[in-house]
Amino acid sequence: LLDASVVGAGSLLVVKDEVGNPRANPNEITISASSGQTVDGAAHTAPLGGTLVSVTLYSNGVDKWFII
């Protein structure tokens, strides 16, 4: 992820799996925070699962991202 302080407080980011076929492309999406930052209190998210899954995150503008 971009550094939360660079994007500013309240910034939203949507991550979307556009492939949607885990059997054809088994690469899972894991979102990692910038060094020293967190995503919902962790260094990275669990792999996103499901077909055509998406996740929306917002920044506190300092050092954290949160999943909506």
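Read on for a plain summary of the structure. (Residues numbered from 1 in each chain as written. Predicted model: local features only at pLDDT ≥ 70, side-chain atom pairs only at ≥ 80, totals over all residues. Heavy atoms only, no water.)

Here the focus is the overall build of the protein. Helices and strands together make up the secondary structure of the protein, namely one helix and four strands. Starting at the N terminus and ending at the C terminus, the protein contains elements arranged as α-β-β-β-β. Seen through its principal axes, the protein has C-alpha atoms that stretch 40 × 20 × 15 Å. Buried residues in the protein amount to 24% of all 68 residues. Residue pairs at least 24 apart in sequence account for 66% of intrachain contacts in the protein once pairs closer than 6 positions are excluded. Carbon and sulfur atoms provide 54% of the accessible area of the protein, an area that totals close to 4300 Å². (Helix = DSSP H or I, 4+ residues; strand = E, 2+ residues; numbered from the N terminus. Buried < 20%, exposed > 50% of the residue type's maximum accessible area, 1.4 Å probe, protein only. Contact = heavy atoms within 4.5 Å. Areas by Shrake-Rupley, 256 points an atom, 1.4 Å probe, with all protein chains shown as cover.)

Assignment of secondary structure puts Ala42 in the loop between β2 (38-39) and β3 (54-60). Owing to a relative accessible area of 30%, Ala42 belongs among the partly exposed residues under this scheme. As for Ala42 and Thr30, which are separated by twelve residues in sequence, their C-alpha atoms are 12 Å apart.

This next bit is on the pattern of salt bridges. Enumeration according to the criterion identifies one salt bridge in this entry. Two residues, Asp63 and Lys64, come together in a salt bridge whose shortest N-O distance is 3.4 Å. For Asp63, a relative accessible area of 27% puts it in the partly exposed group. Classification of Lys64 as partly exposed rests on a relative accessible area of 33%. (Salt bridge = Lys/Arg side-chain N within 4 Å of Asp/Glu carboxyl O.)

Turning our eyes to something else, we now look at the pairing of strand β4 (residues 64-67). Looking at chain direction, β2 and β4 are connected through two bridges and run parallel. Within the sheet, the bridge partner assigned to Thr38 lies in β4 and is Lys64. Pairing analysis gives three bridges linking β3 to β4, with the strands arranged antiparallel. Bridge pairing in β4 places Leu57 opposite Ile67. In this antiparallel pair of consecutive strands, β3 and β4, the connection spans three residues, and Gly61 shows a positive phi of 80°. (Pairing = 2+ DSSP bridges.)

For strand β1 (residues 9-16) and β3, the ladder comprises six bridges, and the chain directions are antiparallel. Among the inter-strand pairings, Val15 is bridged to a residue of β3, identified as Val55.

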